[in-house]
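This is what each chain is made of:
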Amino acid sequence: MTLWFVFALMTVAAIFAVLWPLSRGPSAQAGGSEAAVYRDQLAEIDRDVAAGMIGASEAEAARVEIGRRLLAAADGEQDLPARASLGLRRGSAVLALVGLPVAAVTFYLAVGSPRLGDFPLAERTRTADPSQPLENMVAQVEAHLEKNPTDGRGWTVLAPVLARLGRYDDAVRAYRNSITHAGDSAERRSDLGEALAGAAGGVVTAEAKAEFERAVAQSADDPKANYFLGLAAEQDGRRADAAAIWQGMLAKSPADAPWRPLIEAALVRVGGSVAPVLSNDAMAAAKDMNEDDRGAMIRGMVDRLATRLKQNGDDVEGWLRLVRAYQVMGERDKAASAVVEARQAVASDAERLRQLNAGLKSLGLDG
């Protein structure tokens, strides 16, 4: 308020500096007008003639000279610019003094934000720092959402971050708000179910299962929801049901689906059979084969894959496919040998070795 008061005083001072001269009347000339002086001189000449102090000829000459000067003075006064009315000038000054601030305030109220609070200098100059800890950035987003609880996009962004930080209860709340304010979807329902399972220590509770079922009702092939429904069946002791759910997922999923290793490892865990990953063309060709021919084709593909990997062992995904194939066919010794050979082949490449160990761990092997 102090700053605005100072600005108001400065505005008034500037207006007065401009308008004050307009409010003043013209100052009278000292000794009266020049024409009045010449008229007095003419009257004085007449008095001198009557008193006999000057002659008629001298008086006439003086009258001519003074008359000439009187006419010149009268013409000069007529050439002066007309003086504006003092009342009109003062009215204009008052109108400017009052009207300008009123017009400015009216314009600000129409297009400005008079109710917007002030921001401290530190907050006005603060910019996002991508190097600050994730927890600090999350705290800023949470503070924003406390003031804007209907920001569906904000809840959608925040929820998976909270889940990744292990704050499952907060993630559940964020996912629920995301569904409320950003719209329902199979993906958001399955994410909510996963957060509920995380809050329960990995147990698919009845509440979490209900969310996965809602997700499947919206999208029958949702991979996350189907995986967790299979996991719920496994936790309930229904291993055959779990295997059926996961086998159905593998039958529909493409060969390069990122979740295949997880599903195959889960199938091995419950004793289900996992068909080796075939290309789309091979799957189409195997569809019309009998069991013996299909088995022979799969065996030939596995042998060719093993031969190729011995020649070029940089293909981490190829090694994982070979290990899975041996597991499915029940050849545990060959699977173990393939693991050893794979690690030897990529031992000089730290990143490939890391990927291999992560894939082996997803297959239930020691990564």
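Basis of the calculations
Starting afresh in each chain, residues are numbered from 1 along the sequence in its written order. For this predicted model, a pLDDT threshold of at least 70 governs which residues receive local features, and a threshold of 80 or more governs which side-chain atom pairs are given and counted, while totals over whole chains, interfaces and linings are taken from all residues. To get the side-chain values, all heavy atoms of the structure are used, and hydrogens and water are removed first. By convention a nonpolar core is built from buried Ala, Val, Leu, Ile, Met, Phe, Trp, Tyr and Cys residues, the set being connected through side-chain atoms within 4.5 Å. Exposure classes here rest on a 1.4 Å probe applied to the protein chains alone. A residue is buried below 20% of its type maximum, exposed above 50%, and partly exposed in between. Counting from the N terminus, the helices are the DSSP runs of H or I reaching at least four residues and the strands are the DSSP runs of E reaching at least two. Only heavy atoms enter the contact rule, under which two residues are in contact if any of them lie within 4.5 Å. The salt bridge criterion pairs a side-chain nitrogen of Lys or Arg with a carboxyl oxygen of Asp or Glu, the two atoms within 4 Å. Expected helix span is taken as 1.5 Å per residue step, with the number of steps being one fewer than the number of residues. As used here, the arc is the angular range of directions from the helix axis to the C-beta atoms. Each patch is built from salt-bridge-free residues with over 30% relative accessible area, joining like charges within 9 Å and nonpolar side chains (Val, Leu, Ile, Met, Phe, Trp, Tyr) within 5 Å. Throughout, the Shrake-Rupley method with a 1.4 Å probe supplies accessible areas, and for residues the shown protein chains are the sole cover considered. What counts as an axis is a line fitted to C-alpha atoms, over the stretch in contact for a helix, and the angles between N-to-C directions run from 0 to 180 degrees. Note on angle classes: values under 35 degrees are labelled roughly parallel, values over 145 roughly antiparallel, values of 65 to 115 roughly perpendicular, and the remainder oblique. Helix crossings are classified by the rotation of the near helix relative to the far one: an anticlockwise turn of less than a right angle makes the crossing left-handed, while a clockwise turn makes it right-handed. Residues are grouped as follows: Ala, Val, Leu, Ile, Met, Phe, Trp, Tyr, Cys and Pro are nonpolar; Asp, Glu, Lys and Arg are charged; all remaining types, including Gly, are polar. What counts as a ring pair is set by centres within 6.5 Å for rings of Phe, Tyr and Trp (its six-membered ring), and what kind of pair is set by the plane angle: stacked under 30 degrees, edge-to-face over 60, tilted for all other angles.

Asks: What is the right way to read the nonpolar core from this model?
Replies: Looking at soluble globular proteins, one finds that nonpolar side chains tend to be buried together. Grouped together as the largest cluster of nonpolar side chains are 38 residues, with contacts concentrated most on Val-204, Phe-212, Tyr-227, Phe-228 and Trp-246. A total of seven residues in this core trace back to one element, the largest contributor, which is helix H11 (residues 223-235). Ignoring sequence-local partners within four residues, the contact set of Tyr-227 consists of Trp-246, Met-249, Leu-262, Ile-263, Ala-266 and Arg-269.

Asks: What am I meant to see in the environment of Asn-312 here?
Replies: Along the chain, Asn-312 turns up in the loop between helix H15 (291-311) and helix H16 (316-328). Separated by 33 residues in sequence, Asn-312 and Ala-345 place their C-alpha atoms 8.4 Å apart.

Asks: Explanation requested: the pattern of salt bridges in the structure shown.
Replies: When the charged atoms of two side chains with opposite charge come close together, those side chains can pair. Per the counting criterion, the structure on display carries 17 salt bridges. Two residues, Arg-167 and Glu-142, come together in a salt bridge whose shortest N-O distance is 2.6 Å. Separated by 25 residues along the polypeptide, Arg-167 in the loop between helix H7 (152-164) and helix H8 (168-182) and Glu-142 in helix H6 (residues 134-147) bring together distant segments of the chain. According to the relative accessible area criterion, Glu-142 is partly exposed, its value standing at 25%.

Asks: Whenever I open this one, the side chain of Asn-177 confuses me. Can you help?
Replies: Tracing the sequence through the fold places Asn-177 in helix H8. Sequence-distant contacts of Asn-177, defined by excluding residues within four places in its chain, comprise Trp-155 and Ala-182.

Asks: Mind showing me how you'd approach helix H10 (residues 206-218) here?
Replies: Given 3.6 residues per turn, any residue in an α-helix points the same way as the ones three and four places further on. For H10, which comprises 13 residues, the first-to-last C-alpha distance of 19 Å matches the rise-based estimate of 18 Å (1.5 Å per residue) to within 8%. Among the residues of H10, those classed as buried are Ala-208, Glu-211, Phe-212 and Ala-215. Buried residues of H10, seen end-on, are gathered within an arc of 100° and therefore sit on one face of the element. The outward face of H10, more than 90 degrees from its buried face, is lined by the exposed residues Ala-206 and Ala-217. The inward-facing, buried residues of H10 contact H8, helix H9 (186-199) and H11.

Asks: Sorry if this is basic, but what is going on with a nonpolar patch on the surface here?
Replies: On the surface, Val-49, Met-53 and Ile-54 cluster together into a nonpolar patch covering about 250 Å² of accessible area. Assignment of secondary structure puts Ile-54 in the loop between helix H2 (34-50) and helix H3 (56-79). Looking at Ile-54, the relative accessible area reads 31%, which means it is partly exposed.

Asks: Honestly, the packing of H11 against helix H13 (residues 260-269) in this entry has me stumped. Any pointers?
Replies: Interhelical geometry of H11 versus H13 gives an angle of 15° and a closest axis separation of 12 Å. With respect to each other, H11 and H13 are oriented roughly parallel. Here H11 and H13 pass one another in a crossing that is left-handed. Together, Tyr-227, Leu-231 and Glu-234 of H11 and Leu-262, Ile-263, Ala-266 and Arg-269 of H13 make up the contact between the two elements. Its residues placed into classes, the contact of H11 with H13 shows five nonpolar, no polar and two charged.

Asks: Mind showing me how you'd approach the packing of aromatic side chains here?
Replies: Aromatic ring pairs are reported here in terms of the distance separating the ring centres and the angle at which the planes meet. In this structure the tally under the stated criterion is three aromatic pairs. An angle of 75° between the planes, with centres 5.3 Å apart, marks the rings of Tyr-227 and Phe-228 as edge-to-face. Accessibility expressed as a relative area gives 11% for Phe-228, which makes it buried. Their ring planes at 20° and their centres at 5.8 Å tell us that Tyr-227 and Trp-246 sit as a pair that is stacked. Residue Tyr-227 is located in helix H11, and its partner Trp-246 is located in helix H12 (residues 239-252); the two are separated by 19 residues in the primary sequence. Residue Tyr-227 is classed as buried on the basis of its relative accessible area of 14%. Classification of Trp-246 by relative accessible area gives buried; the value is 0%. Three or more aromatic residues joined by ring pairs make a cluster, and in this case those are Phe-212, Tyr-227, Phe-228 and Trp-246.

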